[in-house]
Amino acid sequence: MGYKCPSCGKIWPDTMDLARHVFGTGDQAHKDWVNSKGLNFIELLLIQTMEPGNKGYKALAELLEKEAEKVD
Amino acid sequence: MMKKYSVINTPIHNIDGIAKITGRAEYAFDIKLPHMLYGKILRSPYPHAKILKINTKKAEGLTGVKAVVTGKDTLGIKQGIWRRFKELCDEEILARSKVRYIGEPVAAVAAVDEDTAEEALDLIEVEYESLPGVFGPLEAIKQGAPQLHEHAERNINVTRHIEWGDVDEGFKKADHVREDWFRCSSQHHVCMETHNAVASFTPDKKLTVWTSTQSHYYIQVLLSWVLGLRENDVRVISRYTGGGFGSKFELDSAQFCSSLLSMKLFKPVKIILTREEEFMATKRRTPMFYYLRTGVKKDGTFLAKEGRVFTEGGAYTSMGATALYLTGFFQAFPYVWPSYRYDGYRVYTNTAPTSAMRGFGAPQATFCAETQIDLIANDLGIDPIKIRRKNAMYPGYEVPGQATIQSCGLSQCLDKIEKWIKSQGKLPPNRGIGIAAYGFMSGGIFNWFDTPYAFSSAVIQVKIDGKVDLYIGSQDMGQGSNTTMTMICAEELGVQVEDIRLHMGDTESCPVDLGAWGSRETLMQGNAVKMAAAKAKQQIIEYAAAKLSPNIVYDLDIKDRWVHLIARPERGLSYYDVVKEAIRGKDGQPIIARGHYTPHRKGMISPAYSFGVQAVDAEVDPDTGKITLKNCVTAHDCGQVINPLGVKGQLEGAMAMAAGYGFTEDLPMDEGKILNPNLVDYKVLRATEMPETKVIEVETYEPEGPFGAKEAGEGLTNPTAGALGNAVFHATGLSIKNLPITPEKVLEALKEKKKEEKK
Amino acid sequence: MEKQLLRITVNNEYHELYVKPKRLLVEVLRDELELTGTKRGCNTGACCACTVLLNGVTVKSCSILAMQADGTEVTTVEGLAEGGKLSPIQRSFLDHGAYQCGFCTSGMLISATALINEKPSPTKKQIKEAIHGNICRCTGYNSIIRAIKAVAEGKYKEEE
Ligand code: FES
Ligand code: FES
Ligand SMILES: [Zn+2]
């Protein structure tokens, strides 16, 4: 079981790991994907850092839960 | 019984010692070739500006000037050491259209002598259009701030996230939660040999560069890339390097500009950076703004930690991306954290690029972490040693998803330091002892450089008289790796140090090694050397076995030039005799062997970790705020010590540099301009300021290291600023979270404290 | 500018050469006489890497003109060992590992030599003060202090 990165196709065990990958890679392709889904990549990063509680990653993981393809 | 080791763990003279103390060691700084020209570099006076036009006519017309180059004469390649990531390759070295920091190179001149070249710089006319600049990461990340690079929205260069365990749950369970903010300052490497290079391009399209570097391999690859030459048509020679500390493994302006000029002129060109250029434009330690939130149980057990950092990147990526990762990783060192979350941002600013410097982000992390631990211990009324012991890493501990700790002597280090502190008895007023614990890596396993080679390699040739030619790719910049490798080779092969002749510092004859950074040489190059020596030994032993014809169940070994049966050491043959016959027996071929090392499946960071605890005893003058260091005692686990003289030197040197970071060194700036670019105003520690130093070795055996050895030199830069800060805390009750801890800051804090007390 | 005649004895060898009046002593030593053992760390008199002995007294060779040394005797690091025999200070530096990258070492050795010549048994404080101007970024100085102390204590008396 895993989730496929909608941008580059890499597979991750859960959406939290996938969110980390999307942020960690952070290249234009990954940024564009996030922005195209109505979230703002940079704002998510800033929320993550400026506020406690892992909020940026959680928001992205939620989005990925809906959007990312599940694979076996 | 034979001694376990005949070479290792004996204090041996540095093999370059005679050359260095007689003035014969030839640094690139000293190279002079026939018909050599001298180069100088014109640098931007603006922190942020467009280059509209450069007119070099007048400069070219000056008598004695041979050539002027600008960005137009380059291939315009944006280079960087993180070659695997295109966006992180962002530095042209000779800017074509835009400058992003004061000191960025825009043109270079070659002339018959330095004075003429200097004069020509004044004649180059550069038309700039000044742009608004941004100088701190917290401003640069704001919406609407001036943007340095087109690709980097909000100036965000790199981000990093590390997480394990359930941090939110951890905080819920905590009895005590602390939040603290820290500012870690910059620091300059101040190598005594400034960056320099002599480049010589010949009509056969081959380029030779003598330079002061920590990695001739990196410089070879990067130069060939930006100059459009074949990798092995570039030869880099670096026999001696006058200090590195992290500043000399990226391509620098001396190397690039001298090469460009030489390619234009087919003559050797030498460029030596002045001390001022060195300060302004050769990278520096990364300043960091840290937020730490930590949750613990009443008894001091660590539960959760959240770390966030903004680092001042300066104008380019350099090695700063690595510093951003390592500071996050080492923020959780050397303790067991059930849950941990780290977010780091590296932000571009219009300041000199920040990069690697001894400790690589870990000294910053350790300063913040260790300061906060003492504050927590104080909040809870727990002894600083006890709280550290309770949470200390131990052998076999796994940092979730990151690393496995094999050898770890941290608890023993704590015991030794506790004993030393007790032996000091009661201290006079205004004196305090502070401690800090740390750990560090023994070479990084990451390959952002994208080398296709093994991380370290070595080649050995044994000649007819038993002399051993050892070829290594690692670089000695003063840390003593030449001696360490020679000792490892001698020990494994069973000969003495005098039997080895070392070849290093030349891409033409040496196998590839990634160079001297991240404390990699002892473990990685050491393993490669050991492997090559073991293979050479095997060949010698085969001949000896045939001659001695022992019972087949017996094993042979060589020790101190004696090839013998392990079980019956008196039965043996002279190493020299066996070598002679072995070479004859091989149809006249010398004995040749190769070794290599690349870490596989060793986690995310490093194959092995060093540990230690340092105690700093300091006095604070309440009238002036001046800090005087009295004693510095370090208990230190670097696995098996290879060269005790070398380890002690590393320790004292690291301490001096790290103490400077703690209370004297800083790079204050005004709108991107460094205000103290000289050795008078930039305060490195002097002999008169050094405290007594004492080293307590805690020996462990590291299964991954050669003879059980691991890192011993860089990690020692980690604890001092924190230990010093804690000493000030225990002496005065003041916790200063803003480096460096200068007399002004101490006085200011004292005033504050008095005000508080009055209320 | 007209070159001037410089008469100088360096490491017991007499030289006559024509130099520009603006030339620094360190430049003449390194570039003309090819004695590159003497280093430059700053060129502004702030690091002592360029220290040499001028008539037995330490000077920063980046801070005086070559012509100011006209008629003098200069000793550089290359002149410390005689006939292949290391001086006591040099031997002690070796034994104590009192150098790492080696770039400050020439200046250190000269400062130490001057101290021992002047005060054969200095205190630790005097040793520290004698090398206060010499910057070493590698060693943290203590090995250098130990090396000088050992010489001061007579551990490196010339063997017969
Ligand atoms: S080079 Fe002369 S004092 Fe620094
Ligand atoms: S040994 Fe490197 S500066 Fe002193
Ligand atoms: Zn992806």
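Anything mentioned here points back to the structure above.
Quick look at the structure, then. (Residues numbered from 1 in each chain as written. Chains lettered and ligands numbered in written order. Predicted model: local features only at pLDDT ≥ 70, side-chain atom pairs only at ≥ 80, totals over all residues. Heavy atoms only, no water.)

One frequent convention defines the size of an interface as the accessible area lost when the parts assemble. Listed per partner, the contact involves 53 residues of chain B and 48 residues of chain C. Here chain B meets chain C over a buried area of about 4000 Å², counting both sides, of which 55% is carbon and sulfur. When the buried area of chain B at its contact with chain C is split by residue, I21(B), M192(B) and R686(B) rank highest and sum to 19% of it. Linking chain B to chain C there are 6 salt bridges. Ionic pairing is found between R146(C) and E652(B), a salt bridge with its closest N-O pair at 3.0 Å. Linking chain B with chain C are 26 residue pairs in polar contact (both at pLDDT 80 or more). (Contact = heavy atoms within 4.5 Å. Buried area = accessible area lost by both parts, 1.4 Å probe. Salt bridge = Lys/Arg side-chain N within 4 Å of Asp/Glu carboxyl O. Polar contact = N/O pair within 3.5 Å; in protein donor to acceptor, adjacent residues only side chain to side chain.)

A separate point is the environment of K86(B). All names here are of chain B. With respect to the secondary-structure elements, K86 resides in the loop between β3 (65–70) and β4 (98–99). The exposure class of K86 is exposed, given its relative accessible area of 76%. For the pair K86 and K419, spaced 333 residues apart in sequence, the C-alpha to C-alpha distance is 52 Å. (Helix = DSSP H or I, 4+ residues; strand = E, 2+ residues; numbered from the N terminus. Buried < 20%, exposed > 50% of the residue type's maximum accessible area, 1.4 Å probe, protein only.)

For the 2 pairs of chains in contact, the largest share of contacts goes to chains B and C. One finds no contact between chain A and chain C; the C-alpha atoms of the two approach each other to within 37 Å at their closest.

Turning our attention to helix α11 (residues 384–391) of chain B. All names here are of chain B. For α11, every residue scored as buried is listed here: I385, I387, R388 and N391. Buried residues in α11, looked at end-on, bunch into an arc of 170°, giving them a common side. In this fold, the buried residues of α11 make contact with β15 (302–314), α10 (362–380), α12 (410–423), β20 (431–441) and α17 (720–732). For α11, the N-terminal cap is D383; the gap from its side-chain oxygen to the backbone nitrogen of I385 is 3.0 Å. (Arc of directions from axis to C-beta.)

Our next topic: the coordination of the zinc ion (ligand 3). By definition of the ideal shapes, a tetrahedral metal site with four donors has angles of 109.5 degrees and an octahedral site with six donors has angles of 90 or 180 degrees. At this site the zinc ion (ligand 3) is bound by C5(A) (SG), C8(A) (SG), H21(A) (NE2) and H30(A) (NE2), with donor distances of 2.1 to 2.3 Å. Considering all 4 donor atoms around the zinc ion (ligand 3), angles at the metal cover 104 to 117° and the coordination shape is tetrahedral. (Donors = N, O, S within 2.8 Å, 3.2 Å for Na, K, Ca; no water. Tetrahedral: all angles 85-135°; square planar, octahedral: opposite > 155°, others 65-115°.)

Attention now moves to a nonpolar patch on the surface. Taken together, the side chains of I552(B), V553(B) and Y554(B) present a nonpolar region at the surface, about 350 Å² in accessible area. Tracing the chain through its elements places V553(B) in the loop between α14 (521–548) and β24 (556–559). (Patch = residues over 30% accessible without salt bridge, like charges linked within 9 Å, V, L, I, M, F, W, Y side chains within 5 Å. Areas by Shrake-Rupley, 256 points an atom, 1.4 Å probe, with all protein chains shown as cover.)

Residue-level contacts link 18 residues of chain B with 21 residues of chain A. Summing both sides of the interface, chain B and chain A together bury roughly 1600 Å²; the carbon and sulfur share of this comes to 47%. Put simply, chain B and chain A have 3 salt bridges between them. For the salt bridge of R154(B) with E43(A), the shortest nitrogen-to-oxygen distance reads 2.4 Å. At the junction of chain B with chain A, the criterion picks out 9 residue pairs in polar contact (both at pLDDT 80 or more). Elements with a contribution of two residues or more to the side of chain B that touches chain A: β7 (156–164), β15 and β16 (339–348) of chain B. A per-class count over the side of chain B that touches chain A returns 4 nonpolar, 4 polar and 10 charged. (Nonpolar A, V, L, I, M, F, W, Y, C, P; charged D, E, K, R; others polar.)

Moving on to the environment of N232(B). Residues and elements named next belong to chain B. Along the chain, N232 turns up in the loop between α6 (216–227) and β11 (234–237). For the pair N232 and N726, spaced 494 residues apart in sequence, the C-alpha separation works out to 51 Å. Engagement of the side chain of N232 in a polar contact is seen with the side chain of Q220, the distance being 3.1 Å.

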